[in-house]
Amino acid sequence: MSLKGSDTPYEESNYYSILNLFYFVKAKFLPVFLDYAGFRYKGFVEEIQNDFIRVIIEDFQETPERRAVLSFEALNRYYQASLLILRSNEQGVFLPFPEKIYYYARRRHVRLRFDDLFMRFIILYSPILQNRAEEKYMEARYSEFLSEVLQDEPSLKVVYQMFVREIQKISRNFEIKILQGREEKELSLFERLLLKTGKTIFIEDVARLGSYIDKIPSNRVINLHSYYEELVSQMGEYRAILQMEKIKKEDLQEFLVSYMMVPFTLFDNILGYVRLETNQFDKYFLALSQAEELSMVADLFSYGITKIRIRRSHFDVSSVQTRVVNISLSGLLMEFSDAVLYRYLQKNRRIKMLIPLEDRELEISGEIVRYFEKDNLYYAGVLFFKSRPDDLYHLERYIYENLHYQFY
């Protein structure tokens, strides 16, 4: 059973319709919300051009993350669009004019409130890489790895072994280092840069200074180019080069040929990294393409271990379960106290829920479309889009019967 008009969002791709919508939002001074880098910002549309929209947001903090989700309510609908941050300055946040925007009709079904209903949930896979081309490559190249993390209960042992297998295809000379819990003063220059950028660090040839300071043409992989530029601005080019030569010399003394440091995350926070290297006994160089590919694999590994962590804390029968504040035929509002999970769910919004009602457990998939905080608790509004046969029928009957005992 499905809910026509509420189980899937509508799509608006007509340019003039979207343009008129944003003019309406601007004219009515309606608030818009930007979910970005784990934070939810409130702002107002200030300028609309053919290729960009300028939004005024107080205290906006730009990070290396480019992806954001713009949402607002207007004309009795909830609108949402995934966009890339173009830039931000004192004039506001600049977003590309959306080619398409999705919307849901406002709630048509009555909500049933609860004090003692708890559910379990697990995240569903949604695109985690930077573009569709990378996703298609991942699906073809690492189908077994992807198949494992798509399961409701992926095995930590299997996920780890698959990750190590891909590492060993590049080099058997590697080590995995954990950064979480370490003091900043204990970190190396490379580790601090890795934590700051979240990107793979790659030195192709320790014998060439250019491998350290020349900018790498990649969105995923960096070297010490940004650090070198900081040194140039602080002490001048000559002394900056001397400093970089010192780093290069230290690597040569370790008999290194090339190396890379690939970060992996838990709840989008860097947990550690894999260091791969070749030395003068190996007599071969690591390649940029290998660094980029292993970075994608690390993203898949990070998703897998995060999903396992969520399963153990919010999906297993013995775990602390999540409170359902209210429920209707189209969605529910859930409450929890985990701030880290709350931020993670703003990027991974599709979940599968197991909801116990009477003598059965409903299995329903949904997408989180609303977030807010109150009294040190976190709330997420979920819109249903898929269920097992008869689950929504059972929910409909349950709501109808219980409404007789509630005032709303």
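Here, the structure is the one placed above.
Presented here is an overview of the structure given in this document. Along every chain, residues carry numbers that run from 1 in the direction the sequence is written. Local features in a predicted model are, by the rule used here, given only for residues with pLDDT of at least 70; side-chain atom pairs are given and counted only at 80 or more, and totals for whole chains, interfaces and linings are based on all residues. Only hydrogens and water are removed before side-chain values are computed, so all heavy atoms of the structure are retained for them.

Every axis in this analysis is a line fitted to C-alpha atoms, fitted for helices over the stretch in contact. Angles between the N-to-C directions lie between 0 and 180 degrees. What counts as a helix is a DSSP run of H or I of at least four residues, what counts as a strand is a run of E of at least two, and both are numbered from the N terminus. Two elements in contact, helix α3 (residues 143–150) and helix α9 (residues 288–315), have axes separated by 9 Å at closest approach and are oriented at 20°. If you check the angle between α3 and α9, you find them roughly parallel. The handedness of the crossing between α3 and α9 comes out as left-handed. Residue-level contacts link F145, L146, V149 and L150 of α3 to V297, L300, F301, Y303, G304 and K307 of α9. Each residue gets one of three labels, nonpolar for Ala, Val, Leu, Ile, Met, Phe, Trp, Tyr, Cys and Pro, charged for Asp, Glu, Lys and Arg, and polar for the others, Gly among them. When its residues are assigned to classes, the contact of α3 with α9 shows eight nonpolar, one polar and one charged. Relative orientations are named as follows: roughly parallel for angles under 35 degrees, roughly antiparallel for angles over 145 degrees, roughly perpendicular for angles from 65 to 115 degrees, and oblique for any other angle. Helix crossings fall into two classes, left-handed where the near helix is turned counterclockwise from the far one by less than a right angle and right-handed where it is turned clockwise. Whether two residues are in contact is decided by their heavy atoms: any pair within 4.5 Å suffices.

Next up on the list: the pairing of strand β3 (residues 39–48). Across six bridges, the pairing between strand β2 (residues 31–36) and β3 is antiparallel. The residue bridging P31 from the neighbouring strand is F44, located in β3. From the end of β2 to the start of β3, which pair antiparallel, there are two residues, and A37 there has a positive phi angle of about 50°. Here five bridges tie β3 to strand β4 (residues 52–57), and the two strands are oriented antiparallel to one another. Its bridge partner lying in β4, E47 is registered against R54. Note on pairing: DSSP must find at least two bridges between two strands before they are called paired. Taken together, β3 and the strand that follows it, β4, pair antiparallel across an intervening segment of three residues.

Spatially, β12-β16-β15-β13-β14 is the arrangement adopted by the five strands of the open sheet, whose pairing is mixed. Each edge of the open sheet carries a strand with a single partner, namely β12 (174–178) and β14 (221–222). For strand β13 (residues 200–203) and strand β15 (residues 256–266), the ladder comprises three bridges, and the chain directions are antiparallel. Along β15, the bridge assignment pairs I203 with Y259. Along the sheet, helix α5 (residues 189–197) contacts β12, β13, β14, β15 and β16 (269–279); its crossing angle with β15, the most-contacted strand, is approximately 40°.

Another aspect to go through is the pattern of salt bridges. One speaks of a salt bridge when a side-chain nitrogen belonging to Lys or Arg is within 4 Å of a carboxyl oxygen belonging to Asp or Glu. Within this structure, the stated rule accounts for 24 salt bridges. Note that E47 and R54 form a salt bridge whose closest N and O atoms lie 2.8 Å from each other. Taking the shortest distance from any N to any O, the salt bridge between D391 and R388 comes out at 3.1 Å. When a residue's accessible area, from a 1.4 Å probe over protein chains only, is under 20% of the maximum for its type it is buried; when over 50% it is exposed; and in between it is partly exposed. For R388, a relative accessible area of 33% corresponds to the partly exposed category. One continuous salt-bridge network, built from bridges that share partners, spans D152, K352, R360, E363, R388 and D391.

Under the pairing criterion, centres of Phe, Tyr and Trp rings, with the six-membered ring standing for Trp, must be within 6.5 Å; the plane angle then separates stacked pairs below 30 degrees from edge-to-face pairs above 60, leaving the rest tilted. Tallying each qualifying case throughout the model produces 22 aromatic pairs. Judged by centre distance (5.5 Å) and plane angle (50°), the rings of F52 and F94 are tilted. Of this pair, F52 sits in strand β4 while F94 is found in strand β8 (residues 92–96), placing the two residues 42 residues apart along the sequence. With respect to class, F52 is no different from F94; both count as buried. Taking the centre distance of 6.0 Å and the plane angle of 80° together, the rings of Y342 and Y371 count as edge-to-face. Placement of the pair is Y342 in helix α10 (residues 339–345) and Y371 in strand β20 (residues 360–374), with a sequence separation of 29 residues. Take Y342 and Y371: they sit in the same class, and that class is buried. Put simply, the rings of Y10, Y15, Y16, F22, F72, Y79, F97 and Y103 pair up and form one aromatic cluster. Its guanidinium or amino end placed over the ring of F94, R87 lies 4.0 Å from that ring's centre, counting from NZ or CZ. When the ring centre of Y259 is taken as origin, the NZ or CZ atom of R275, which lies over that ring, is 4.5 Å away. Whether a charge sits over a ring depends on NZ of Lys or CZ of Arg being within 6 Å of the ring centre and within 35 degrees of the ring normal.

With that out of the way, let us pick up unusual backbone geometry. Here the phi dihedral of F267 falls at roughly 55°; this positive angle occurs in a residue that is not glycine. With respect to the helices and strands, F267 occurs in the loop between β15 and β16. Residue classification places F267 among the buried positions, given a relative accessible area of 10%. Of note in the backbone geometry, E358 takes a positive phi value of approximately 55° without being a glycine. As for its position among the elements, E358 is in the loop between β19 (350–357) and β20. Overall, E358 belongs to the exposed group, its relative accessible area being 52%.

Within the secondary structure layout, E153 lies in the loop between α3 and α4 (156–170). Placed 154 residues apart in sequence, E153 and K307 show a C-alpha to C-alpha distance of 8.5 Å.

On to helix α1 (residues 15–27), then. How far a helix is expected to stretch is found by multiplying one less than its residue total by 1.5 Å. Relative to the 18 Å expected for 13 residues at 1.5 Å per residue, α1 spans 18 Å between its end C-alpha atoms, a close match to the ideal helical length. Three or more residues of α1 are buried, namely I18, L19, L21, F22 and V25. Looking down the long axis of α1, one finds its buried residues gathered within 160° of arc, a one-sided arrangement. Of the residues in α1, the exposed ones pointing more than 90 degrees away from the buried face are Y16, N20 and A27. What the arc describes is the spread of directions from the helix axis to the C-beta atoms.

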